[in-house]
Amino acid sequence: MADIRNIVILTGAGVSAESGIDTFRGGGGLWEKHRVEDVATPEAFARDPDLVLRFYDMRRAAIQEKEPNRAHAALARLDAEWPGDLLIVTQNVDDLHERAGARRVLHMHGTHLNAWCTACDARSRWTGPLIDRPPCPACGARALRPDVVWFGEMPYEMERIYGALQAADLFVSIGTSGAVYPAAGFVREARELGTQTLELNLERSQGSAWFDETRLGPAGELVPAWVDEMLG
Ligand SMILES: [Zn+2]
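None of these values were measured; they are calculated from a predicted model.

The rules behind the values
Residues numbered from 1 in each chain as written. Predicted model: local features only at pLDDT ≥ 70, side-chain atom pairs only at ≥ 80, totals over all residues. Heavy atoms only, no water. Donors = N, O, S within 2.8 Å, 3.2 Å for Na, K, Ca; no water. Tetrahedral: all angles 85-135°; square planar, octahedral: opposite > 155°, others 65-115°. Buried < 20%, exposed > 50% of the residue type's maximum accessible area, 1.4 Å probe, protein only. Pairing = 2+ DSSP bridges. Helix = DSSP H or I, 4+ residues; strand = E, 2+ residues; numbered from the N terminus. Axes fitted to C-alpha atoms, helices over the stretch in contact; angles between N-to-C directions. Contact = heavy atoms within 4.5 Å. Expected span 1.5 Å × (residues − 1). UniProt positions renumbered as here; feature names shortened; annotations may be inferred.

## Structural notes on the coordination of the zinc ion
No. 1: Around the zinc ion, the donor atoms from the protein are Cys117 (SG), Cys120 (SG), Cys136 (SG) and Cys139 (SG), and they sit 2.3 Å away.
No. 2: Viewed at the metal, the four donor atoms of the zinc ion are separated by angles of 106 to 114°, and the geometry they form is tetrahedral.
No. 3: Binding-site remark: the zinc ion is held by donors from one chain whose sequence spacing is C-x2-C-x15-C-x2-C.
No. 4: Residue classification places Cys139 among the partly exposed residues on the basis of a relative accessible area of 40%.

## Things to note about the sheet that holds strand β9 (residues 170-174)
Strands pair in a sheet through their backbones, by hydrogen bonds, and they do so in one of two ways: parallel or antiparallel.
No. 1: Within the open sheet, the six strands sit side by side as β5-β4-β1-β9-β10-β11. Their pairing is parallel. With partners counted over all chains shown, the strands left at the sheet margins are β5 (105-107) and β11 (213-216), one partner each. Within this sheet the neighbouring strands show an average axis-to-axis angle of 15°, counted without direction.
No. 2: Looking at chain direction, strand β10 (residues 196-201) and β11 are connected through four bridges and run parallel. Within β11, the residue paired with Leu198 across the bridge is Glu213.
No. 3: Running over the sheet, helix α7 (residues 158-167) touches β1 (7-11), β4 (86-90), β5 and β9 and is turned about 135° from β4.

## Some words on the sheet that holds strand β6 (residues 110-117)
No. 1: An order of β7-β6-β8 is seen for the three strands of this open sheet, with the pairing classed as antiparallel. Looking at the sheet topology across the chains shown, the edges are occupied by β7 (123-125) and β8 (144-148). Across this sheet, the average inter-strand angle for adjacent strands is 45°, counted without regard to direction.
No. 2: The sheet contact formed by β6 and β7 spans three bridges and is antiparallel. Looking across to β7, one finds that Asn114 is bridged to Arg125.
No. 3: Contacting β6 and β8, helix α4 (residues 49-63) crosses the sheet at an angle of about 135° to β6.

## What about helix α9 (residues 219-231)?
No. 1: Taking 1.5 Å of rise per residue, the 13 residues of α9 would be expected to cover 18 Å, and the 18 Å separating its terminal C-alpha atoms lies within 8% of that figure.
No. 2: Tucked into the core, α9 has its buried residues touching β1, α1 (13-17), α5 (70-81), β9, β10 and β11.

## Regarding unusual backbone geometry
No. 1: Its identity as a non-glycine residue notwithstanding, Arg133 has a phi of 55°, on the positive side.
No. 2: With respect to the element layout, Arg133 can be found in the loop between β7 and β8.
No. 3: Of the residues examined, Arg133 reaches a relative accessible area of 29% and is grouped as partly exposed.
No. 4: Even without a glycine there, the phi angle at Glu157 is positive, about 60°.
No. 5: As for its position among the elements, Glu157 is in the loop between β8 and α7.
No. 6: For Glu157, a relative accessible area of 41% puts it in the partly exposed group.

## A short note on the UniProt feature "binding site: substrate" (unreviewed entry) in the chain
No. 1: The positions that UniProt labels "binding site: substrate" (unreviewed entry) are, in the present scheme, Tyr56 and Arg59.
No. 2: Relative to the helices and strands, Tyr56 is located in helix α4.
No. 3: By relative accessible area, which is 2% here, Tyr56 ends up buried.
No. 4: A residue is classified by how much of its surface remains accessible, and Arg59, at 5% relative accessible area, is buried.

Structural data, given as structure tokens:
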């Protein structure tokens, strides 16, 4: 890891798993007994908005009960102390990176703690339920939905992410299967640019072959050790 100045870190479900946050890809493809296509697509929301809103209300409440773990804390320390550019691109929609103290965080799949108004496009911080169709704080319309990128929707801020990848000397993927595009394409982009690539994951992923180095183990152990190396 010589001559590293700019770092892009991609985090996924494996970083939040040790905080007790489960995901679609755990548990046989079901999520709290729901199929992905019944709760996490625009079509599901159009078909049965009550089901989708109630489901996300439950998730929004649940994540507020969880605490950041050692992986979040280590990344927050790296963010605070790293002198070069650094961007934590997270696929996670919880706020555990921020609650651990990280500042340079980009939520490419949105966040549970925002409501998005489909009438005026405003995003408002939101910690309570949406099932009762509360008015948008900006325009008053009762048209709020979770500010979460559903399957079939475009992830946020892709240009900014690719810009950061262009300038990066190191791309690190933590706790993500490498199976879902466009995030799965980041490592290929990094390789084409000649950027060093490192994967920290519980198990070998579909994308592992693309990385210069893969370290296997729990994020709560691997990430603090790696951060110690970087700041050493
Ligand atoms: Zn509005």
